[in-house]
Number of protein chains: 2
Amino acid sequence: MEVAILLYNGVTALDAIGPYEAFAGSMKCKIKFVAKEKGLIQLDSKMGYLHAEYCYAEVPSMDVLIVPGGIGCKELMNDEETLNWIRQLHKTSKWTTSVCSGSMVLGAAGLLEGVPATSHWFVCESLRALGAIPQEERVVHHGKIVTAAGVSSGIDMALQVVAWEFGVEIAQATQLTLEYDPKPPFDAGSVKTAPPAIVQYTKKVYTELMGSENFFVE
Amino acid sequence: MEVAILLYNGVTALDAIGPYEAFAGSMKCKIKFVAKEKGLIQLDSKMGYLHAEYCYAEVPSMDVLIVPGGIGCKELMNDEETLNWIRQLHKTSKWTTSVCSGSMVLGAAGLLEGVPATSHWFVCESLRALGAIPQEERVVHHGKIVTAAGVSSGIDMALQVVAWEFGVEIAQATQLTLEYDPKPPFDAGSVKTAPPAIVQYTKKVYTELMGSENFFVE
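Residues numbered from 1 in each chain as written. Chains lettered and ligands numbered in written order. Predicted model: local features only at pLDDT ≥ 70, side-chain atom pairs only at ≥ 80, totals over all residues. Heavy atoms only, no water.

1. Considering the UniProt feature "domain: DJ-1/PfpI" (unreviewed entry) in chain A
To keep it simple, the criterion reads: UniProt positions are given in the numbering used here, feature names are shortened, and annotations may be inferred rather than shown by experiment. Note on conventions: DSSP H or I runs of at least 4 residues are helices, E runs of at least 2 residues are strands, and numbering of each starts at the N terminus.
The UniProt record marks residues 2-162 of chain A with the feature "domain: DJ-1/PfpI" (unreviewed entry), using the residue numbering of this structure. Regarding residues 2-162 of chain A, the helix share stands at 29% and the strand share at 26%, and the terminal C-alpha atoms are separated by 12 Å.

2. A word on the interface of chain A and chain B
Heads up, the rule is: Pairs of residues are marked as contacts when any of their non-hydrogen atoms sit within 4.5 Å. As used here, buried area is the combined drop in accessible area, with a 1.4 Å probe, of two parts when they are placed together. In the sections that follow, a salt bridge refers to a side-chain nitrogen of Lys or Arg positioned within 4 Å of a carboxyl oxygen of Asp or Glu. We call two N or O atoms a polar contact when they sit within 3.5 Å, provided that within protein one can donate a hydrogen and the other can accept it, with sequence-adjacent residues counted only if both atoms are side-chain atoms. Each residue is assigned to one class: nonpolar for Ala, Val, Leu, Ile, Met, Phe, Trp, Tyr, Cys and Pro, charged for Asp, Glu, Lys and Arg, and polar for all the others, Gly among them.
Contacts between chain A and chain B engage 67 residues on the former and 67 residues on the latter. Overall, the association of chain A and chain B removes approximately 5,600 Å² of surface from exposure, summing both partners, and the carbon and sulfur fraction of that is 67%. Of all residues in chain A, Met47, Leu176 and Glu179 of chain A bury the most surface against chain B, accounting for 14% of the area lost on that side. The interface formed by chain A and chain B includes zero salt bridges. Across the chain A-chain B interface, the total number found is 32 residue pairs in polar contact (both at pLDDT 80 or more). Every element with two or more residues in the side of chain A that touches chain B is listed here: helix H1 (13-25), strand S2 (30-35), strand S4 (49-52), helix H5 (153-166), helix H6 (168-177) and helix H7 (196-210) of chain A. Element by element, the count of residues in the side of chain A that touches chain B is highest for H6 of chain A, at nine residues. Of the residues that constitute the side of chain A that touches chain B, the class distribution is 40 nonpolar, 16 polar and eleven charged.

3. Here we look at the nonpolar core
We count it as follows: We define a nonpolar core as any set of buried Ala, Val, Leu, Ile, Met, Phe, Trp, Tyr and Cys residues linked to one another through side-chain atoms lying within 4.5 Å. Relative accessible area decides the class of each residue, using a 1.4 Å probe on protein chains only: under 20% of the type maximum gives buried, over 50% gives exposed, and in between gives partly exposed.
With 168 residues, the main nonpolar core has Phe23, Trp85 and Ile86 of chain A together with Phe23, Trp85 and Ile86 of chain B as its most contacted residues. Excluding anything up to four places from it in sequence, isoleucine 86 of chain B contacts Leu6, Leu65, Val67, Val105, Leu106, Ala109 and Leu111 of chain B.

4. Describing unusual backbone geometry
The general pattern is negative phi for most residues beyond glycine and trans for most peptide bonds. Phi at glutamate 179 of chain A is positive, roughly 40°, even though this residue is not glycine. Along the chain, glutamate 179 of chain A falls in the loop between H6 and H7. What makes glutamate 179 of chain A buried here is its relative accessible area of 11%. In this model, methionine 27 of chain B sits at a positive phi of 60°, which is unusual for a non-glycine residue. In this structure, methionine 27 of chain B sits in the loop between helix H1 (13-25) and strand S2 (30-35). Classification of methionine 27 of chain B by relative accessible area gives partly exposed; the value is 43%.

This is the structure in structure tokens:
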């Protein structure tokens, strides 16, 4: 199975590398990192890079498309060349997927009209402005469109797609390879479980960083 | 706080990017990707690259050292320049850490003599040959040495270090930023929970891939 991971400046590294590792760990996928222009891709933190070996023109179709999130999504949402590439891949993909704010880009490409979908908790409600029906779930599956919540949720999403494609046993072996037996030291990974003061603090930090709670769709 | 992430050809991407994202998400760390030679670093899957912006000579000391795992560890374990750099950083580090088979490299550098430590489940017992006391735990903490189990466990490890350094509230906010509320679709992430047939299958695949169950210390 061929998997394309879209990269762009301002991407969140774990959004891309979580699913990458699950698909790679299945040992049944060929994965390509793809960007508008090949080469180094600056992370959202500005403290490192990923690398795209392929440009859009070299990757006209794939079985799986993964659109990771990150602050750079906003620029992608207004980039017709990127949106057209996504639309093209979606025509023949088996699975069109996103992690975190990557679902905003699927929405901007017009793929989420009337579709239940999720995103990072901070921006999930903004999906409504793009025609989607926001869901407070970790992984949302509607036809061949699979959207995941924030950052780390791409691991869960990819394991699920591996199971659909290759069966539960390969997905379990992949989970064991990743030793994905999570033991977070705290129970603060969702707005439902985090202490309210932590949610408030984090919202404040983001709003200062992005300038708006509706950063992606203002 | 300054964090160095060691990269080398044959590294497992998520071993490096899991902790990276947690330290970056704390918004309190400066992170440097460091390798023997700067530039593109080929992943163990041979399907992509990470990138090192710094070489050893440019990074003589850091608060945190992270040694990720991967099949390329074996070469590092015999590379005196790398082992000397690790020993040097360890002298003044606040935390010397590893993910997955990265603990083999700490062991080869002589840092695990008599130290309780962990690694990926498939190779954990091999730590004994390097003087360590293998532990079947996800994160093992002994003085300033913190070792994590396979691949995805680096996220849990880094959140724990963030909590020790910056307090529980910052660690919780970081967990919320990563939306690290894991919901694996299966319960097969550890040899204790995976179906025995899956463990057997995975061991067979690895043994074929590596040529030995004692690959790192044979």
